[in-house]
Amino acid sequence: MGRKRKLVVIPLLAAGIAGAGIAWAAWTSTGSGSGTAQSTTSANSVIAASVFAADLYPGAVKSVTVTISNPNAYPVIVNSISAGTAPLVNTSCVADTVTSDARATDATGLFQSDLATKTIAGLGSGTYTLVTRMTATAVDACKSQTFSLPLTATLSSNA
Amino acid sequence: MRRIGALLLVLLVLGGPATPADARWSGTATGTGTAQAASLAPPTGLVANCLLTTTVKLDWSASASPWTTGYEIGRGTASGVYTWGPVVTGLTYTTPALALGTHYFTVRATSGPWRSTNAAEVSRLIVNVLGIGTCV
């Protein structure tokens, strides 16, 4: 009887240790991020412009779409995207002429542009829509210019 | 020995392996979005027709830019040198009475502070016919 119990316990112990190892491995990747939990070194995501907000004119409110990539093997969600302000474009078209609104923090993740998806799959990317504005006082020198909007997003793993 | 085995089993069941919920990673992403400002297309097809004796009626076709909010009239007595104004919202404008001489006209689209390039210039001559200014 005692011998039988030992045979049962040892495989269970082994399975438990192996399971813990799998859980650990799922949260380890290369790169660096500002980790807040036990197991993270992770590659930082990148924001890239995916679709231009075309045809901005004085007083216009348009949409710009950005893509956020997830270089990690595990899924992530985007919790917030900062406001953006375009810097000086030329000597006359001043900074702040074009801005984008922040996407407010959502612990459950921001909706992507399809208004249905929140999770970015491992090694995938997601597109997010931002409201972009040109001031009504934008001068003539702003015509036909391209404006870059520096953005920062916060992300967290979602598995 | 039985007690030790049972204890290990209980610990495994209660403790279990580490779960992903225990290990949420957070980080930041940086980059840029891009926005593109529009251009402003000029009106086209400007024509100047004599109206009454010393006034001229200007007509033109709309700018191709849907964000056009108005049209600014340019007028002068030398080609390419204009005094600007007024801004109108329609596609026609009648000048006030003009002095004798050649008058040059153009029009440009506006969108807030923006101005398009000028439409092709047109001109009209006001001459003295029997003591009366007459547009020809």
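Bear in mind the structure is a predicted one, so any value in this text is a computation, not a measurement.

### Considering the overall build of chain A
(1) Moving on: Check the secondary structure of chain A and you find one helix and nine strands.
(2) Moving on: Along its sequence from the N terminus, chain A presents helices and strands in the succession α-β-β-β-β-β-β-β-β-β.
(3) Moving on: Each of the 159 residues in chain A was classed as buried or not, and the buried ones make up 34%.
(4) Moving on: Within chain A, counting contacts between residues at least 6 apart in sequence, those at least 24 apart form 67% of the total.
(5) Moving on: Accessible surface for chain A amounts to roughly 7800 Å². Of this, 62% is attributable to carbon and sulfur atoms.

### What to know about the nonpolar core
Most often, soluble globular proteins have nonpolar side chains that are buried together.
(1) Moving on: With 33 residues, the main nonpolar core has Val 98, Met 134 and Phe 147 of chain A together with Leu 58, Trp 60 and Trp 114 of chain B as its most contacted residues.
(2) Moving on: The next biggest cluster of nonpolar side chains, apart from the first, holds 17 residues, and it includes Ile 47, Val 78, Leu 130 and Leu 155 of chain A.

### Brief notes about the sheet that holds strand β6 (residues 92–94) of chain B
Neighbouring strands of a sheet are bound in pairs by backbone hydrogen bonds; such pairs are parallel or else antiparallel.
Residue and element names in this part refer to chain B.
(1) Moving on: Read across the sheet, three strands follow the order β2-β3-β6 without closing on themselves; strand pairing throughout is antiparallel. The outermost strands of the open sheet, each flanked by one partner alone, are β2 (44–51) and β6. Between one strand and the next, the sheet's axes are offset by a mean angle of 15 degrees, whatever the strand orientation.
(2) Moving on: The pairing of β2 with strand β3 (residues 55–61) spans six bridges and is antiparallel. In the strand pairing of β3, Cys 50 is matched with Val 56.

### Brief notes about the state of the cysteines
All names here are of chain A.
(1) Moving on: A full pass over the atoms with the stated rule returns two disulfides over all chains.
(2) Moving on: The disulfide that involves Cys 93 links it to Cys 142, with 1.9 Å between the sulfurs. Of note, the bridge from Cys 93 to Cys 142 carries an S-S torsion of about 110 degrees and is right-handed in sense. Of the two residues, Cys 93 sits in the loop between β5 (84–85) and β6 (98–100) while Cys 142 sits in the loop between β8 (125–134) and β9 (146–157), which places them 49 residues apart along the sequence.

### Brief notes about unusual backbone geometry
(1) Moving on: Put simply, Gly 85 of chain B and Pro 86 of chain B share a cis peptide bond, and its omega is 0 degrees.
(2) Moving on: Along the polypeptide, Pro 86 of chain B turns up in strand β5 (residues 81–88).
(3) Moving on: One non-glycine residue, Leu 115 of chain A, lies in positive phi territory at about 60 degrees.
(4) Moving on: One can find Leu 115 of chain A in the loop between β6 and β7 (119–120).

Here is what the cut-offs are and how they apply
- Residues numbered from 1 in each chain as written.
- Chains lettered and ligands numbered in written order.
- Predicted model: local features only at pLDDT ≥ 70, side-chain atom pairs only at ≥ 80, totals over all residues.
- Heavy atoms only, no water.
- Helix = DSSP H or I, 4+ residues; strand = E, 2+ residues; numbered from the N terminus.
- Buried < 20%, exposed > 50% of the residue type's maximum accessible area, 1.4 Å probe, protein only.
- Contact = heavy atoms within 4.5 Å.
- Areas by Shrake-Rupley, 256 points an atom, 1.4 Å probe, with all protein chains shown as cover.
- Core = buried A, V, L, I, M, F, W, Y, C linked by side-chain atoms within 4.5 Å.
- Pairing = 2+ DSSP bridges.
- Axes fitted to C-alpha atoms, helices over the stretch in contact; angles between N-to-C directions.
- Disulfide = S-S within 2.5 Å.

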